[in-house]
Amino acid sequence: NLLLAGDAVELPCPCVPEGCDLDGWSEGLERWRTDARVCTVVPSHGPCGDREVIARTMAYLDGLRRGTPEPLPDGASPFYVATHRDNLRNCNPVR
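Treat the numbers as computed from the prediction; the structure is a model and nothing was measured.

Here is what the cut-offs are and how they apply
Residues numbered from 1 in each chain as written. Predicted model: local features only at pLDDT ≥ 70, side-chain atom pairs only at ≥ 80, totals over all residues. Heavy atoms only, no water. Phe/Tyr/Trp six-rings, centres within 6.5 Å; stacked < 30°, edge-to-face > 60°. Buried < 20%, exposed > 50% of the residue type's maximum accessible area, 1.4 Å probe, protein only. Core = buried A, V, L, I, M, F, W, Y, C linked by side-chain atoms within 4.5 Å. Helix = DSSP H or I, 4+ residues; strand = E, 2+ residues; numbered from the N terminus. Contact = heavy atoms within 4.5 Å.

Our next topic: the packing of aromatic side chains. Evaluation of the coordinates by the stated rule reveals one aromatic pair. Here the aromatic rings of Phe 79 and Tyr 80 are separated by 5.0 Å at their centres, their planes lie at 80 degrees, and the arrangement is edge-to-face. When its relative accessible area of 11% is taken as the criterion, Tyr 80 is described as buried.

Right, let's talk about the nonpolar core for a bit. Of all hydrophobic cores here, the largest spans 19 residues; its most connected members are Val 9, Leu 29, Val 41, Ile 54 and Leu 61. Elements with a minimum of two residues in this core: strand 1 (2-6), helix 1 (22-33) and helix 2 (52-66). Ranked by the residues each element gives to this core, the list is headed by helix 2, at six residues. Setting aside residues no more than four positions away along its own chain, Val 9 makes contact with Leu 29, Trp 32, Val 41, Pro 43, Ser 44, Val 53, Ile 54 and Thr 57.

In short, the description is geometric, and any link to function would need to be established separately.
Written as structure tokens, this is what we have:
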């Protein structure tokens, strides 16, 4: 079955707003990742694939939560470089 994941899944990184519930987001993604009915995942941006696409987004969110984010791939577009920078700021604000 096809999962139209929308903005919940995006590669190389989703846009994470300030104050986002990363735990809730990851819990929802885990339900999709472990659902045997999901065969093809269509993210909002990035390549389509199998449930590994969900796992990659989960790994990125987990890295933000732990404060050890995964690096962007070489050649990431300026949009994703800025998105990643904003995500780091939104998830680890300087106080």
